[in-house]
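# Architecture and fold: a report
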Amino acid sequence: MNTSSTNTSSAKGQTTGAAVLVLDTDGRIQVASAAACALVQALPTELVNDFFPNLFSFDVVSREPDWIQSQWEVLLAAGQGQPITLKLQPKEAAAVDALVRIEKAGDDPVRYFAFISLLGAAAAPAAAPRPASAAPTGAPDSFLTQLNERSPLGFFDLNFLKNEVYYSPTWKRLLGYTDAALANTYETWLALIHPDDSAAAPDRQGRGGGTGARPFTLEFRMKHAAGHYAWVQSVGLQIYGPNGALQRVIGAHLDVSDRKEFEESGLRAEERLAQLGDRGRVGVFDLDFSSGLYWLSPGFKSLLGYADADLPDTLESFLRTLPLDETVGGVQAYFLAQHPSQVAYFDTLRLRHREGREVLVYACVARQISRRKELQRVLGFAVPMPEGLTPGGARAESSLGLTAAHLTVLFAEVQEALLLADAGGQVVFLNPKAEKLLGRTSAQCLGQEAWEVFRLVHRESGQPGESPVAKAIMSGEATALNTEFALETGAKATPIAFSARAVLDSAGKPSGAVLVFRNPDEMTLTPEELVKSNRFTSLGELAGGIAHDFNNLLTTILGGVSLAKDSRDSSGLENSERACLAAKGLSKQLLTFSRGGTGVRQVVKPVDILNDALRLAAAGSTVKIEIKVAPETNTICVDRAQILQVFQNLIINAIQAMTTGQGNIWITASNIVLADGQIAPLPAGTYVAVEVRDNGSGIKPEHLEKIFDPFFTTKKTGTGLGLATVLSIVKRHGGQMGLESEVGTGTAFTVFLPQADKPEEIEARRAPTLSVAQRTNRILFMDDDEQICALTRGMLESMEYKCDIARNGEEAIQFYKRYLNIGRPYDAVIMDLTIIGGMGGEQTFKLLRELHPEVRAIIASGYDNDDMARQFYDMGFYGYLPKPYRVAELGKMLRTVLGK
């Protein structure tokens, strides 16, 4: 009675309840219960060796060859230990909801049980009829049948002893024939094989006697039904009798036409390269710094006068072919310095011939650069420049048609004065602007010594100045823009701004000079040009101090790590962590300053701006600086980077006023109410006044009226742009500046800025809270830096998150598709902004949103900038994670994004 009850219950469960399948390690079905066959309306022979994911319907599909395997990996990860809901797709019915659970069944070999049961009251599909003759599921005959009918292998059996031949239908399909179109005879084989490959016929290859079985592997061509010859790989056994006669050949064919075509195209490409690089006029080189392998083609060596054996394939050999003055730092530094914003570039290069002369070539260079900006490999080719062609690509006058008349008209339109001198320093050309400033005509100057025509005197001392033309011709050195001198033109001296540069011949020797000069009173810049030019100048002035402060911070960091590593003393790690955070803040300010303004204004506290400005401007300084901001000081609405530039300029000027390197600077900020007309042209109202006061040398009275003029400077190396930039920025923000100075006592600059009309706000994008049921505790992290990936994985796992690592955007999208496909998307995706050689965070995010509009994405970037953060929030990112970050900061960001 009990047995009957049990059997009835079991049978019922097989037709309407759980179905069981046995799967191998790749997700292929090995055994299927009757209930499983009934659910999917298939015979056991149809299920065996099919992939488990093929039983279900998914929203996202792909034709990629590894897609099925990826689906299996996701199902295995998600379905072990807990049931998941999928859409079961019967053979001849609509998809139905099913509960799927996977359990490991054994380790040798690895096998899994998959349990499937329908959800709700859905009835199981009727079972497909099973023929009485069908082989048991998983039986060897079934395996061989599946292999013969469904695999790409074409089997053959040539039994010479019994005079029986068999070609499988797949063997014939490989050659474009139906099963009935080719006779099962050995003559068929001989008729199809290519005449040049007849030695590969089964009864002809490998002759030499012997007994027993002998394996073989051959590749040859057989005629296709379409008329062409297809390449096949033949693998099998030759069986020899006791007398050494061939009795039987069994094996399989595989179509390898695509591989052979690829190999042949590669050989053709190598042959073409050999034609160009070995015997042609093209020089090819391959410098693999990561592996230490270097190659110079015979054509490259011949181009420079070397025989193939005279110039070994070494890095030293290639260095020998480059100009000495451009390779002081070595080959890697040479290539990194060229076109830094491009991975590949075309350019004109100077190479050294074996005889010591210069050879001009056109070159195409492709570089592989690591995430750490290290040069890993350089490939390129060079072709000699045609005779008569200049490095810039222009031909001589006769071929290009650019006559002296053309040049005269061209130079006449230039707003600067131009003077051209030959190798002897004699004037060969003046444009009209130069004639006007010199007070002489071209006829009076041509043939004269340039240093007699262009005579300089120092504006302060009145002493004669060195001729920039003579300096350029004698030393080859260029003279940067200089405003310290005046041009002597008879009874009076005219202030002048000038620069000079040598003209080099094909051997790199000076063959003349170009002098460009102008009256500084006529030099004007737009406000934007002023700001940009001053920012670059300030960066140069700050560089030494910033490097000093960074080295101090690195000393603290390295010392703490060294103590912990070498002496197992962790007491210094806390100081190392603080130094890391200080370095992070310093780099943030440097990035903000170098990037310049964005035109976007934000409400900020004056004390924050002043502290940030001081951090950069006072780097490496010995001057004592105090900041005092009244507690009730109002906020201001400004372009953060530009106002940062204002106060950095004022602090730098105050420091430079301390000629001994010792002194004091006091920076104060407070609210001030101005009456109408009190500070022209500001209207009445409440302002924030920031004063920068020093006890330096002070400003001479005669200079006070000119102090804000562009290009006015009293410094030997100054540009005269600093205070002009400061005033321009302040006025564009609706403010004004005040100035007090006394020689020997000090100077005070006051900046008046309108108070903000709205409160300070930095609002991060908030995501809807994820319910416990929605969370997967799985995070996708994308970065191309191995160390960052390893560290972040460790951080996430310490917070009990599961983590998948993607090296680029393409991998990230594939990962996301897999889990989205089973309704278990990642809780969040953290993406690096910049990926070298791959899809970065911004582009990846756009594609992820198309797949899943609710994706919670966080951008991780080394560019720590508030304006950039706002841009990414506006794009739809839920978080902006600046590098470097700690576990606490990463955890806080995830809690914010996930609404925990």
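I will try to describe carefully the structure that is included in this document. No experiment lies behind these values; they were computed from the predicted model shown.

Let us look at the pairing of strand β28 (residues 664-674). Of the pairings in the sheet, the one linking strand β26 (residues 624-629) to β28 comprises six bridges and is parallel in character. By the bridge assignment for β28, Lys624 is matched with Asn664. When β28 meets strand β29 (residues 685-694), the two strands line up antiparallel, connected through 10 bridges. Residue pairing across strands places Ile672 opposite Tyr687, the latter belonging to β29.

The next subject is empty space enclosed by the protein. Regions of empty space are outlined by a rolling probe, equal in size to a water molecule, passed over the atoms. Counted by the stated rule, this structure contains three cavities of 30 Å³ or more. What the second largest cavity holds in volume is close to 40 Å³. Lining the second largest cavity, in full, are Phe58, Gln71, Val74, Leu75, Arg818, Asn821 and Ile822. Listing elements by their share of the lining of the second largest cavity, those giving two or more residues are α4 (67-79) and α25 (809-821).

A separate point is the sheet that holds β26. Pairing in this open sheet of five strands is mixed, and the strands run β26-β28-β29-β31-β30 from one edge to the other. Whereas interior strands pair on both sides, the edge strands pair on one side only; in this sheet they are β26 and β30 (736-742). Across the sheet, the axes of successive neighbouring strands diverge by a mean angle of 15 degrees, strand direction being ignored. Its contacts with the sheet place helix α21 (residues 640-656) against β26, β28, β29, β30 and β31 (746-754), and it is angled at close to 170 degrees to β31. Helix-sheet contacts for helix α23 (residues 722-732) involve β30 and β31, and the interaxial angle to β30 is about 145 degrees.

What follows concerns the environment of Ile830. As for its position among the elements, Ile830 is in strand β34 (residues 828-832). Residues Ile830 and Leu881, 51 residues apart in the sequence, show an inter-C-alpha distance of 8.6 Å. Ile830 has contacts with Ile779, Leu780, Phe781, Met782, Ile858, Ala860, Leu881, Leu890 and Leu894, leaving out every residue within four places of it along the chain.

The next subject is the packing of helix α24 (residues 786-798) against helix α28 (residues 887-898). At a minimum axis separation of 10 Å, α24 and α28 run at an interaxial angle of 65 degrees. Once α24 is placed against α28, the crossing between them reads as right-handed. Listed contacts from α28 to Thr792, Met795, Leu796 and Ser798 of α24 are Val887, Leu890 and Leu894. Among the residues forming the contact of α24 with α28, the class breakdown is five nonpolar, two polar and no charged.

Taken as a whole and judged by the stated rule, the model has 26 aromatic pairs. Relative to Trp72, the ring of Phe52 has its centre 6.3 Å away and its plane inclined at 85 degrees; by these criteria the two rings are edge-to-face. With a gap of 20 residues between them, Phe52 in the loop between α3 (44-47) and β3 (56-57) and Trp72 in helix α4 connect regions that are remote in the sequence. Like Phe52, the residue Trp72 is buried in the burial classification. One aromatic cluster is present, formed by Phe156, Tyr167, Trp171, Trp189 and Phe220 through successive ring pairs. Cation over ring: Lys260 sits above Trp231, and NZ or CZ is 4.4 Å from the ring centre. Over the ring of Phe815 we find Arg818, and its NZ or CZ is 5.2 Å from the ring centre.

Let's shift gears to the nonpolar core. Soluble globular proteins tend to pack their nonpolar side chains together in the buried interior. Ranked by internal contacts, the top residues of the largest apolar core, which has 58 residues, are Leu21, Phe52, Leu55, Phe56, Leu88 and Ile116. Residues in contact with Leu88, not counting those within four places in the same chain, are Leu39, Val40, Leu55, Phe56, Ala94, Ala95, Val96, Ala98, Ile116 and Leu118. Ranked by size, the runner-up nonpolar core spans 39 residues in total, among them Ile625, Ile651, Ile665 and Val690.

Quick look at the side chain of Asp157 now. By the secondary structure assignment, Asp157 is in strand β7 (residues 154-159). Looking at Asp157, its side chain comes within polar contact range of the side chain of Arg248, at 2.5 Å. Not counting residues within four places of it along the chain, the set of residues in contact with Asp157 comprises Glu164, Val165, Tyr166, Arg248, Val249 and Ile250.

Together, Asp255, Asp258, Glu261 and Glu264 give the surface a local cluster of negative charge. Here the element with the most residues in the negative patch is helix α8 (residues 257-277); it accounts for three residues. Within the fold, Asp258 resides in helix α8. Overall, Asp258 belongs to the exposed group, its relative accessible area being 64%.

Read from one edge to the other, the open sheet built from five strands follows the order β13-β12-β16-β15-β14, with strand pairing classed as antiparallel. Looking at the sheet topology across the chains shown, the edges are occupied by β13 (293-296) and β14 (344-352). Averaged over all neighbouring strand pairs, the angle between strand axes comes to 20 degrees, with direction disregarded. Relative to β13, strand β12 (residues 283-288) runs antiparallel, the two being bridged by four bridges. Along β13, the bridge assignment pairs Phe285 with Leu296.

All right, on to the environment of Ser861 then. Along the chain, Ser861 turns up in strand β35 (residues 857-861). Given a relative accessible area of 1%, Ser861 falls into the buried group. The contacts of Ser861, once residues within four sequence positions are left out, are Leu833, Tyr880, Leu881, Pro882 and Lys883.

Once that is clear, we can look at the pattern of salt bridges. Counted under the stated rule, the structure contains 27 salt bridges. For Arg377, the salt bridge identified is with Asp286, shortest N-O distance 2.6 Å. Of this pair, Arg377 sits in strand β16 (residues 375-384) while Asp286 sits in strand β12; the two residues are 91 residues apart in sequence, bridging distant segments of the chain. A residue is classified by how much of its surface remains accessible, and Arg377, at 24% relative accessible area, is partly exposed. Between Arg455 and Glu488 there is a salt bridge; the shortest N-O distance is 3.6 Å. Highlighted residues: Arg455 in the loop between α16 (450-453) and β19 (456-458) and Glu488 in strand β21 (residues 485-489), separated in sequence by 33 residues. Given a relative accessible area of 40%, Arg455 falls into the partly exposed group. Taken together, the salt bridges that share partners define one network made up of Lys301, Asp308 and Asp313.

Cut-offs and rules
Residues numbered from 1 in each chain as written. Predicted model: local features only at pLDDT ≥ 70, side-chain atom pairs only at ≥ 80, totals over all residues. Heavy atoms only, no water. Pairing = 2+ DSSP bridges. Helix = DSSP H or I, 4+ residues; strand = E, 2+ residues; numbered from the N terminus. 1 Å grid on protein atoms, 1.4 Å probe; cavity = no way out; pocket = protein on both sides within 12 Å on 5 of 7 lines; lining within 4 Å. Points joined across faces, edges and corners; volume = space filled by probe spheres on them. Axes fitted to C-alpha atoms, helices over the stretch in contact; angles between N-to-C directions. Contact = heavy atoms within 4.5 Å. Left-handed = near helix turned anticlockwise from the far one by under 90°. Nonpolar A, V, L, I, M, F, W, Y, C, P; charged D, E, K, R; others polar. Phe/Tyr/Trp six-rings, centres within 6.5 Å; stacked < 30°, edge-to-face > 60°. Buried < 20%, exposed > 50% of the residue type's maximum accessible area, 1.4 Å probe, protein only. Lys NZ or Arg CZ within 6 Å of the ring centre and 35° of its normal. Core = buried A, V, L, I, M, F, W, Y, C linked by side-chain atoms within 4.5 Å. Polar contact = N/O pair within 3.5 Å; in protein donor to acceptor, adjacent residues only side chain to side chain. Patch = residues over 30% accessible without salt bridge, like charges linked within 9 Å, V, L, I, M, F, W, Y side chains within 5 Å. Areas by Shrake-Rupley, 256 points an atom, 1.4 Å probe, with all protein chains shown as cover. Salt bridge = Lys/Arg side-chain N within 4 Å of Asp/Glu carboxyl O. Lys, Arg positive; Asp, Glu negative; His and termini not counted. Charge placed at Lys NZ, Arg CZ, Asp CG, Glu CD.

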